[in-house]
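Listed below, chain by chain, are the residues.
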Amino acid sequence: MIHLLSISGWGGYHISPTFTLPAAKKRILFFLGAGTSNSVTRNPVYNNTPMTVFKSIGAGYGAEGSATIAYLEIPDDWSGTYPVSGQMVTKYMMVCFGGAKRTDSYLAKHQINGTSVEATSVNVAVESRPSGLFVAVLHTLDRTNNVTNLKLLYKTSDICVGYATPSSASFTPDFTFKRGMVAYQSATFKPKPDYGSVTII
């Protein structure tokens with residue numbers, strides 16, 4: 001089972017903030033961000049190590065902004081406080097989970113780049129694993145949004161950041177909002193293998 005270990009406040013516009021790793025093994029660290037119309041996330045770097053980035057960008061850097069998920073599998077021997085750099089002017093939070101598969105933890109993703117096509121919901125099924133992890137960032141720009149099946153990490157009228165631990169091989173998020181353009185990014189990750197089970201991930 002993947003579980004939440006630590007979370008920073010929602011902030012940003014910093015040049016080089018730091019984040020302290022919680023003590024645990026099989027950790028996975030996330031940079032979860034949402035940009036304004038004229039800001040987009042550069043590839044964030046943690047402890048001089050580039051994070052893998054999934055990014056949804058509004059068409060032509062338009063008013064629909066951007067949504068970003070970046071992650072890094074943390075070696076078990078890393079402990080302490082390290083800088084986060086390269087994120088430009090995107091607002092974001094750092095979140096650390098434990099119980100992830102040590103290598104190749106990433107499983108699947110879904111994204112919606114802001115376009116001239118307006119929407120009122122996001123509810124596309126993505127591949128998952130029982131007791132794995134689903135994370136999502138929704139940016140709707142002043143469109144009141146609602147979500148019913150995620151544990152919320154941050155929420156305003158235009159930004160929603162949350163996670164879930166799916167119970168099956170497919171997970172469907174359920175976001176609804178006033179009609180508008182959307183930047184959205186989600187990703188799923190594998191739990192560490194349960195060696196007492198016949199299931200092999």
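Being a predicted model, the structure only gives us computed values, none of them experimental. (Residues numbered from 1 in each chain as written. Predicted model: local features only at pLDDT ≥ 70, side-chain atom pairs only at ≥ 80, totals over all residues. Heavy atoms only, no water.)

1. Regarding the sheet that holds strand S6 (residues 49–50)
Taken together, four strands build an open sheet; the order of strands is S3-S9-S5-S6 and the sheet is antiparallel. Sheet topology places strand S3 (18–20) and S6 at the edges, where each strand pairs with a single neighbour. Bridge count for strand S5 (residues 45–46) against strand S9 (residues 81–85) is two bridges, and the pairing is antiparallel. When the bridges of S9 are listed, Val45 appears paired with Ser85. (Pairing = 2+ DSSP bridges. Helix = DSSP H or I, 4+ residues; strand = E, 2+ residues; numbered from the N terminus.)

2. A word on the pattern of salt bridges
Two side chains of opposite charge can pair, provided their charged atoms sit close to one another. Counted according to the given criterion, the structure contains three salt bridges. For Arg102, the salt bridge is made with Asp76, and the minimal N-O distance between the two is 2.3 Å. Here Asp76 lies in the loop between strand S8 (66–74) and S9 and Arg102 lies in the loop between strand S10 (91–98) and strand S11 (106–112), a separation of 26 residues in the sequence. Look at Asp76 and you get partly exposed, because its relative accessible area is 25%. A salt bridge links Lys190 to Asp104; the shortest N-O distance between them is 3.3 Å. Here Asp104 lies in the loop between S10 and S11 and Lys190 lies in the segment after strand S20 (183–189), a separation of 86 residues in the sequence. Judged by its relative accessible area of 11%, Lys190 is buried. (Salt bridge = Lys/Arg side-chain N within 4 Å of Asp/Glu carboxyl O. Buried < 20%, exposed > 50% of the residue type's maximum accessible area, 1.4 Å probe, protein only.)

3. Examining the nonpolar core
Within the largest apolar cluster, 24 residues are counted, with the highest numbers of intra-cluster contacts made by Phe30, Leu32, Phe97, Leu133, Val135, Val161 and Phe189. When contributions to this core are tallied by element, the ones reaching two or more residues are strand S4 (27–35), S8, S10, strand S14 (133–139), strand S17 (159–164) and S20. Broken down by element, this core gets its largest block of residues, four residues, from S4. Ignoring sequence-local partners within four residues, the contact set of Leu32 consists of Trp10, Thr68, Ile69, Lys91, Tyr92, Met93, Val95, Val137, Leu153 and Val161. By size, the runner-up hydrophobic cluster in this structure holds 15 residues, among which are Phe19, Phe31, Met51 and Met94. (Core = buried A, V, L, I, M, F, W, Y, C linked by side-chain atoms within 4.5 Å. Contact = heavy atoms within 4.5 Å.)

4. Side note on the side chain of Ser128
Along the polypeptide, Ser128 turns up in the loop between strand S13 (126–127) and S14. Note on Ser128: relative accessible area 1%, which makes it buried. A distance of 2.7 Å separates a polar side-chain atom of Ser128 from the backbone oxygen of Ser168. For Ser128, the contacting residues outside a window of four places in its chain are Leu107, Pro166, Ser168, Ala169, Ser170, Phe171 and Thr188. (Polar contact = N/O pair within 3.5 Å; in protein donor to acceptor, adjacent residues only side chain to side chain.)

5. A closer look at the sheet that holds strand S19 (residues 175–180)
One open sheet holds the three strands; their spatial order is S12-S19-S15, and the pairing between them is antiparallel. At either margin of the open sheet sits one strand with a lone partner, and together these are strand S12 (119–122) and strand S15 (145–147). Pairwise comparison of adjacent strand axes, ignoring direction, gives a mean angle of 15 degrees for this sheet. The pairing of S15 with S19 spans three bridges and is antiparallel. Paired with Val147 across the bridge in S19 is Phe175. (Axes fitted to C-alpha atoms, helices over the stretch in contact; angles between N-to-C directions.)

6. Examining the confidence of the model for the protein chain
In low-pLDDT segments, the atomic positions of the prediction should not be examined closely. When the pLDDT values of the protein chain are averaged, the result is 85; 86% of them are 70 or greater. Looking over the protein chain, one finds the lowest element-wise mean pLDDT in strand S2 (residues 11–12), namely 75, and the highest in strand S1 (residues 3–7), namely 95. Every residue in residues 195–201 is under pLDDT 50, and counting partners more than four places away or in other chains gives five contacts. (pLDDT = per-residue confidence, 0-100.)

7. Description of the environment of Thr49
Structurally, the position occupied by Thr49 is in strand S6. Along the backbone, Thr49 and Leu72 are 23 residues apart, and their C-alpha atoms lie at a distance of 8.4 Å. Beyond its immediate stretch of four places on either side in the chain, Thr49 contacts Pro44, Leu72 and Trp78.

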